[in-house]
Amino acid sequence: MTSISNFLPVPRQVEEVVEDASDEEEKPVAPKSSKIPPYPRRNQARPRFIPRNLEDFDDGGAYPEIGINQFPLDMGRKGRGTGVSKTVAMRVDEEGNVDYAAVVKQGEKSSEIVHSAHSAVVEKARDEKLLQRPGEELEQETADRTKSALEKIVQGKIAAAQPNNFRGSGNTPKPTYVKYTPANGGASHNSGSSQRIIRMMEAPVDPLEPPKFHQKKVPPAPPSPPAPVMHSPPRKLTAEDNKNWKIPPCVSNWKNNKGYTIPLDKRLAADGRGLQDLRINDNFAKLAESLYTAERTARDMVEERAQMQKHINMKEKDKKEQELRDLAARARAERSGIARPSVNPPPPDNVTESFVGDSPPIERGRDHNPRSPERDSPSRRNRSPSPLRGPSSRGDRSPERRRPSHRDDRSPVRSSRDDFERRKRDEIREERRREREREMRLKERAGEDGAAVKKSKLSRDKDRDVTERLALGQKVAASGNGEVMYDQRLFNQGKGGMDSGLAAEDSYNLYDKPLFSAKGDNFMYRPRGEDATNTARFKADKGFEGAEETFASRSGKREKPVEFERDAETSIKGQGTTAEDDPFGVGKFLSDAKKGRSERMDDSLSQKRKGSMMGGASSASALQEEYRERGKSGGGRTKIEFRSGGKQSQ
Amino acid sequence: MVSNDSDTLRSLALENMKRTVAFFGGHASDGKGDEGEDEDAKMLKLKVKYNLNFHQSNVAMAAMREHDRRSKSRKQVRATSGKQDDEHPSAKKLKTEEPTDEEPSLIDDKTIEQIETASLAKDLVAGGSAKSSAGNTALTVLTNPKNFGRVKTENPGVTNALAIAQDRPDWHPPWKLYRVLMGHLGWVRSVAVDPANEWFCTGAADRTIKIWDLASGKLKLTLTGHIGAVRGLAISDRHPYMFSAGDDKQVKCWDLEYNKVIRNYHGHLSGVYAAEVHPSLDLLVTGGRDATIRVWDMRTKAQVFALGGHRHTINSIQTQKVDPQIISGSADSMIRLWDLAAGKSMSTLTNHKKGVRAVACNPREFSFASASADNIKTWRLPEGVFMRNLSGHNVIVNSLSVNDDGVMVSGGDDGTLAFWDYQSAHEFYRTQTQVQPGSLDCEAGIFGSAFDMTGTRLITVETDKTVKMWKEDNQATPETHPLSWKPNILPQRY
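Residues numbered from 1 in each chain as written. Chains lettered and ligands numbered in written order. Predicted model: local features only at pLDDT ≥ 70, side-chain atom pairs only at ≥ 80, totals over all residues. Heavy atoms only, no water.

Draft legend 1. Summary view of the overall build of chain A. The secondary structure content of chain A amounts to 22 helices and two strands. Expressed as a percentage of its 650 residues, the buried residues of chain A come to 16%. Counted over contacts in chain A with a minimum sequence separation of 6, partners at least 24 positions apart contribute 34%. Accessible area of chain A: about 55,000 Å², with a carbon and sulfur share of 55%. (Helix = DSSP H or I, 4+ residues; strand = E, 2+ residues; numbered from the N terminus. Buried < 20%, exposed > 50% of the residue type's maximum accessible area, 1.4 Å probe, protein only. Contact = heavy atoms within 4.5 Å. Areas by Shrake-Rupley, 256 points an atom, 1.4 Å probe, with all protein chains shown as cover.)

Here you go:
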C-alpha cells in the first residue's frame, strides 16, 4: 500500500485539533440521560432533565414546560454551521513557522500590517535595497489611485453646494406614478373614485440649508483586536521616582479655602523664605557705616558752627547793648546835667534824636544788673510803668519823670531831693488821671445824646449787621439765645412772597426777568479802549454786482435796500417773452438755437460786467465767437486753439 | 665563597620567581586551570550566558532546532543577516519538543566563544587600536565585509547584532549656532522653510506668523489672524499657499501673493497641533488634540476624511507621495501609518513607551524616524519595520529633522540638541542651546526644528521666544573632532 503520505515528510507541527470553546460550555451540566422522562413528569425528574443535546429531543420539538433555551435540530443555535467560527485557521510561513499574527489580523484588521513577531523589537542591519525610495511610476500610480478615490468623496461632500446638483434642475430622478386601487371602494371612500394615481418624487432640499447636525468627535475605532503592544510594560516606580514626583500641596499664607490645619513648620517651609540663606554683600554694611559717620561729622560740624554763630551773636549783642547803655547814659547826663555837662561828652545829635524818639532808656538806665532773661518778663514790666503801653502814655511822660538818673539814685546824698521830685511827679500823674476820667465821662454823655460825637469802637461793633461783620471779617458770634441772624438786606427784595399776591403754583417765573435789567444792557461786555467802538473798518468795500448805481458813495450809508438790475439781455430781447414768462430761459434757448448765433454777448453787456470774475467768462465768449467765425468762413473743421483766457481778454 | 654566592643567587632568583608567579599567576600558569583564569573573562562569560538565556532563549531555541534540522538534512547553512532574523518568529507559544532541562545547554560554549570574540572586538573598536594579535584577527574578521558571511554563528541574535555593528557612522562636523532672531513675543512653536529656500516662517504663541529672510535673517513680514498659538505651519511647493494651524482650532490658508487668509478649514474640535501638505495631491492633512487626523481638500475646503484611531493628541504628521501617505505620531505612544486612498489605518507601531512627539521622514531613503521621551526609533517603510533604536537623548524630544546628509537632529524640551548619524544610530554631537538674555534657565527648550532646503542650515524655534540658526563648523576636521563610536554588539531587544 503506497499512499501519498509515505512520500511526504513527517509533519513538523503536530497539530492538536482544538475543540471549539463554545462546544465545551454547551455540554450538558446534568449527567447525560438517554432516557427522556415521560410527559407529565418532566419537571419533576431527578436529576433535573435539561434538554441540550440533539438526542434529548429525540427527533421531536422543544418541551414547552421546561423553561430554558432549547434548540431542537440545532435550529436557532448561533455560531454553529453558519461559517462564523471563533477558531482561527493556523497558518504557517514558507519555513513552516506558525504565523501568530493571524490572531490579531482578524476582521477589520485583515488588511493591516501587524507587527507581532519578535523581529519587531530587535534592530535590523541595514539593507540598502529595501531602503530605496519607490520610483516615479509608483508615485504616479499612487497619486492617481488616491486622487480618483478622494475625488468621489469630495464630490459627494460638496454636491449640495454646487448649483448644477440642485434638485429639480434636470438631473433629479423623474417622478414615478403609481396607480392605486383601494380595496374598499364606495362612495364614501376616496371621494367616490375607484382609483387614484400617486405621483412620487423626492422632496426638494434647500441647498443653502446649514447642516442639521453638528460635527461630532469621531469615536475611536473599535479596539478589538488591538494592535499588539511591542514594548515592555512600564517599569515600576521606584521610591526615588516617587519622591521626585512628589509635588507638595500649595500652602498659601493668604488663602485656605478648605480650612485645613497647616502646621507652622509646613507653612514656613512652603513660604520658602527661610530656605535660602541670605548673603548680603559686605559693601552694604560699609555703606551704612560710612553714611552714619558722615552724618555724625556733619551734624557735629553744624552744631559747632551754630555754637560759634551764637557766640558771635551774643558778643555782638553785648557790644551793642553796651553801646546803647553808654549812649543812654550820655543822654541822661546831657539832659540832667546841663548843670554839669562835663560829666559826659555830648553824643552826636542824630543818635540822641533817634534815641529819644524810639525807645525809653529810663528803666534800662536804672538797672544795674547785667542782662538777664527775667528782665523782659511781663511781671517786671507791669511793675514799672512802661512808656510803651499805650499811645497816650508817651504824651504822659513828663520831663520830671525822665529827669532822675540812676546816678542820682545811687547817690544817697540827694535822697531828700529825690523824694521831693517823686512827690511832685505823683501829683502830676494824679492830675492827669482825673483829667482823663472827666474826658471819658463827657464822651459817654455825648453818646447817649446821639449827637455827632463818634461812637466808641465797642458800641459801633455791637450795632453792626451780620453782613457787615462778614464783610469786615469780624467774628460773627452766634446769638446765645439760638436766634438766627439774617442779613436784613435780603428781605423785601423781589415781588415774590406774600406781598406779590401769590402766583399760581405752576407758574414758572424764575427766569422771566432779565438778570441785569437794573444795571443796563451794556455794562457787561464793553470793549476796552476807544478803538474798539469804531466799526468803520468793518464796512464793506465792495458792493454787490450790478448794484453800483445805488452804492454810489462807498463811505456813505445806504439809503435804501440793495437793488439788483435785471439782466440787460432779457430787456433787450424783443421777442415778447419776458423773464416772468420764461423763468428757466427755455424759450430763449430755443430761439438761440434757431438763430444759430447767439447775441447774448453783445457789447453792452460785456461792458457792463467789469468784475474780475467775469473776465474769464468774457474771454471765453470771445473765443467762442472767434471759433464760430472761423467755422463760417472755412466751412471745414479746424482745430481749436486753446490759449490762456487772460491774454485773450487783454 | 663562590658556592656561597651561587647559593644566595639561586635563592634570590627563586624568591623573585615566586613573586612573579604571585603577581602574574593568571598569565604565567597557563595550564594550571581555574585559578589562573581571568575573573573578568569568567564574569563576562556568565553575563553573556545569562543575557542570552534571558533575552534570546526563544531565538536560541529556534536556532537550535534549525541546527538539528540542518545537520539532519545536510543542508548548507545560510548565514545572511537581516533575512535570517525575519525567518525566526518568536517561539513563545511553541510547544517544546525537548525536555526543559536541556534549555540551559542550548547556548553552547561555541556561541559564548563567539560572543567573547565579538566583545573583544567591540572593546578594540571602541579603543581604536589593536593591542593583542588575537583581537586583531577577530577585528579584521569582523569588520571585513567579505569575511562577514563566513563567521560562523549559530545564534541569529548574535549574528544580527554583529551585522548591525557593521554600520560604521560617517563623520559629520559638529554644528554651531550662528544667528539668533528675536522678534516673537511668545514661545515659538513651529517653523517651515520655503521650498524656494528664500525665506522661512515661524509661528508663535503670540498668535503671529513671522516670515524671515533665510539668508540675512531679516524679518520680512508678520501675519496676524490666528487667535491662539500657531502650532503647525506648512508651505506648499506647488501653490503660492502657506497653511497654518493653531491652538484656536483654526486651520488657515494664506495666499502668499496677497499675504491674506483666503480659506479656513473648519472642523477641528480642539487645538490643531500639526499641519502638512500632501506632496502630490491638493490635500491638507491636519491633526491635533481631538485625536483625529483630518484630510482637507485644499480648494473646496471639504473635509475628505476624519481619520480616527488614535486615542490621544496627535502631535506630528508626515506626508509622502506613496503609501503610507500619512504617518502620524500621537500622545498615545503609537505611530500609525495611513492608507489615504482607503481612509484607514495601514499599520500601528506600538514600540514606543511614551508619547510620540515628532516624526520625520528621511529625504534620501524610504524610512522615517520617530521621537518619544524614551527613545528615538527609525522605521523602514512601507511596512513600518522597526530598524534602529537611537537611545541616549533622555528628555522629552519635541522635534526631529533629517537632512540629505543623513544628519538627524533631535531637539529636547530642556534645550538639548542631539545630532545623530541616521544610518548608524550614532550620536556624534550634542549641544545645549543658550537662552537669550533676560530669560530663565528653564526657558531653554526646543519646540521645533527644520533644515533648509539644502540641508546646510538648521533652524530651531525655542521657548525663549527666539529663532536660532545653526550651521556646520567649518573648522572641524576628523582630527579635531574624532569619532567616538561604540557599537553595541550584544543582542538586545527594544
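More follows now that the structure is in view.
Draft legend 2. Structural view of the environment of T460 of chain B. Residue and element names in this part refer to chain B. With respect to the secondary-structure elements, T460 resides in strand β27 (residues 457-462). Looking at T460, the relative accessible area reads 0%, which means it is buried. Distance from T460 to F447, taken between C-alpha atoms, is 7.4 Å for residues 13 residues apart in sequence. Excluding anything up to four places from it in sequence, T460 contacts L417, I446, G448, S449, T466, V467, K468 and W470.

Draft legend 3. Highlighting the interface of chain B and chain A. At the junction of the two partners, chain B supplies 74 residues and chain A supplies 52 residues. Both faces considered, chain B and chain A share a buried interface measuring about 5,600 Å² in area, 55% of it formed by carbon and sulfur atoms. Joining chain B to chain A, the criterion identifies four salt bridges. Across the salt bridge formed by R145 of chain A and D323 of chain B, the nearest N and O atoms sit 3.0 Å from each other. Across the chain B-chain A interface, the total number found is 23 residue pairs in polar contact (both at pLDDT 80 or more). When residues of the side of chain B that touches chain A are traced back to their parent elements, those giving at least two are α3 (39-73), α4 (81-87), α8 (156-164), β12 (292-297), β13 (303-308), β17 (344-349) and β21 (385-390) of chain B. If you tally residues by element for the side of chain B that touches chain A, the top one is β17 of chain B, at six residues. (Buried area = accessible area lost by both parts, 1.4 Å probe. Salt bridge = Lys/Arg side-chain N within 4 Å of Asp/Glu carboxyl O. Polar contact = N/O pair within 3.5 Å; in protein donor to acceptor, adjacent residues only side chain to side chain.)

Draft legend 4. Region of interest: the pattern of salt bridges. Tallying each qualifying case throughout the model produces 22 salt bridges over all chains. Put simply, E123 of chain A and R388 of chain B hold a salt bridge, and the shortest N to O gap is 3.3 Å. One end of the pair, E123 of chain A, is in the loop between α4 (101-104) and α5 (136-158); the other, R388 of chain B, is in strand β21, on a second chain. Neither E123 of chain A nor R388 of chain B differs from the other in exposure class; each is buried. The network of salt bridges with shared partners includes E123 of chain A together with D167 and R388 of chain B.

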